[in-house]
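Here is what each chain is made of, one letter per residue.
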Amino acid sequence: GYTPAQAEAFAGMDAVASRAVSEGIDVLRPMYFGRLPEAMAERAWALASGFDPGSVVATSRFVASGVQPFGSTEDLAGIPVPTLVVPGADPTHPPELAALYAESIARCTVVSAVGADMSRVLGEFCDSVTGAVA
């Protein structure tokens, strides 16, 4: 289940995202700007501004519901594909969860975001996955 901080964060996200169909996708803009470093917000918004509003609402409701896709570490162990985990350092993304994923997923790569060039890290991971699949 969610921690209280996660439940609160996801409920807040859902309160905003649920308005996307009636008010348009721009209702999400404050979730990016003023919360993320400017360059990251610009890149994220370039992607998010093209989201389908109905999909945003459906995804947000699912996330806020607290339904978990994995019920146990055995479920995590069944993930057969390369997986990148970037540990969080806040109550919404507890580092303990990243550690659990790292221990449970066989093909898991863990990368700290602290001081990392995440564009490079993500690119290298994607390149490694593409090479593994080819």
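Fair warning: this is a prediction, and the values are worked out from it, not measured in the lab.

1. So, the overall build of the protein
Phase 1 of the analysis: Secondary structure assignment for the protein yields seven helices and two strands.
Phase 2 of the analysis: When its C-alpha atoms are laid out on the principal axes, the protein stretches across 40 × 30 × 30 Å.
Phase 3 of the analysis: Nonlocal contacts in the protein, meaning residues at least 24 apart in sequence, comprise 64% of its contacts between residues at least 6 apart.
Phase 4 of the analysis: In the protein, 7 side chains carry a positive charge and 15 a negative one; their mean positions are 6 Å apart.

2. Things to note about the environment of Ser22
Phase 1 of the analysis: Structurally, Ser22 can be placed in helix H2 (residues 20-23).
Phase 2 of the analysis: Between the C-alpha atoms of Ser22 and Gly54, which are 32 residues apart in sequence, the distance is 9.6 Å.

3. A word on the packing of aromatic side chains
Phase 1 of the analysis: Applying the stated rule across the entire model yields two aromatic pairs.
Phase 2 of the analysis: Note on Tyr2 and Phe10: the rings are 4.8 Å apart at their centroids and 50° apart in plane angle, and the pair reads as tilted.
Phase 3 of the analysis: Assessed through its relative accessible area of 27%, Tyr2 is described here as partly exposed.
Phase 4 of the analysis: Look at Phe10 and you get buried, because its relative accessible area is 17%.
Phase 5 of the analysis: Here Arg29 stacks its cationic end above the ring of Phe33, 4.2 Å away from the centre of that ring.

4. Observations concerning the confidence of the model for the protein
Phase 1 of the analysis: In the predicted model, the protein carries a mean pLDDT of 88, and 98% of its residues have values of at least 70.
Phase 2 of the analysis: No element of the protein has a lower mean pLDDT than helix H7 (residues 118-133), at 79, and none a higher one than H2, at 96.

5. Here's the deal with the packing of helix H1 (residues 4-17) against helix H4 (residues 53-65)
Phase 1 of the analysis: The interhelical angle for the contact between H1 and H4, taken along N-to-C directions, is 160°, at an axis separation of 9 Å. The orientation of H1 relative to H4 falls into the category roughly antiparallel. Here H1 runs over H4; the crossing is left-handed. Along its contact with H1, which presents Phe10, Met13, Asp14 and Ala17, the element H4 presents Val56, Val57, Ser60, Arg61, Val63 and Ala64.
Phase 2 of the analysis: Among the residues forming the contact of H1 with H4, the class breakdown is seven nonpolar, one polar and two charged.

6. So, the side chain of Ser104
Phase 1 of the analysis: Locating Ser104 in the fold gives a position in helix H6 (residues 95-104).
Phase 2 of the analysis: Classification of Ser104 by relative accessible area gives buried; the value is 13%.
Phase 3 of the analysis: Those residues in contact with Ser104, other than ones at most four positions away along the chain, are Thr73, Leu76 and Ala77.

7. Here we look at the nonpolar core
Phase 1 of the analysis: If you look at the biggest cluster of nonpolar residues, it comprises twelve residues: Ala17, Ala20, Ile25, Val27, Leu28, Tyr32, Phe33, Ala41, Trp45, Ala48, Val56 and Val57.
Phase 2 of the analysis: Elements that contribute at least two residues to this core include exactly helix H3 (38-48) and H4.
Phase 3 of the analysis: Ignoring anything within four residues of it in the chain, the contact list for Tyr32 reads Ala41, Ala44, Trp45, Ala48 and Phe51.
Phase 4 of the analysis: The next biggest cluster of nonpolar side chains, apart from the first, holds six residues, and it includes Ile79, Ala98, Ile105 and Cys108.

8. A short note on the side chain of Ser60
Phase 1 of the analysis: As for its placement among the helices and strands, Ser60 is situated in helix H4.
Phase 2 of the analysis: Taking relative accessible area as the criterion, Ser60 reaches 3% and is therefore assigned buried.

Conventions used here
The residue numbering used here restarts from 1 in each chain and proceeds along that chain's sequence as written. With pLDDT at 70 or above as the cut-off, local features in this predicted model cover only qualifying residues; side-chain atom pairs require 80 or more to be listed or tallied, and sums for whole chains, interfaces and linings still use all residues. Hydrogens and waters are ignored; side-chain quantities use all the structure's heavy atoms. Elements are defined by DSSP. Helices are runs of H or I of four residues or more, strands are runs of E of two residues or more, and each kind is numbered from the N terminus. Only heavy atoms enter the contact rule, under which two residues are in contact if any of them lie within 4.5 Å. The positive count covers Lys and Arg only, the negative count covers Asp and Glu only, and His and the chain ends enter neither. To locate a charge, take atom NZ for lysine, CZ for arginine, CG for aspartate or CD for glutamate. Aromatic pairing here means that ring centres of Phe, Tyr or Trp (its six-membered ring) are within 6.5 Å. Orientation follows from the plane angle: under 30 degrees is stacked, over 60 is edge-to-face, and everything else is tilted. In this scheme, a residue with accessible area under 20% of its type's maximum is buried, one over 50% is exposed, and one in between is partly exposed, where area comes from a 1.4 Å probe on protein chains only. For a lysine, the NZ atom is tested; for an arginine, the CZ atom; a charge sits over a ring if that atom is within 6 Å of the ring centre and within 35 degrees of the ring normal. Think of pLDDT as the predictor's per-residue confidence, scored from 0 to 100. What counts as an axis is a line fitted to C-alpha atoms, over the stretch in contact for a helix, and the angles between N-to-C directions run from 0 to 180 degrees. Orientation labels follow simple angle bins: below 35 degrees gives roughly parallel, above 145 gives roughly antiparallel, 65 to 115 gives roughly perpendicular, and whatever is left gives oblique. Should the near helix be turned anticlockwise from the far one by less than a right angle, the crossing is left-handed, and should it be turned clockwise, the crossing is right-handed. In the scheme used here, Gly and all other residues not listed as nonpolar or charged are polar, with Ala, Val, Leu, Ile, Met, Phe, Trp, Tyr, Cys and Pro taken as nonpolar and Asp, Glu, Lys and Arg as charged. Nonpolar cores are built from buried Ala, Val, Leu, Ile, Met, Phe, Trp, Tyr and Cys residues. Side-chain atoms within 4.5 Å join them into one set.

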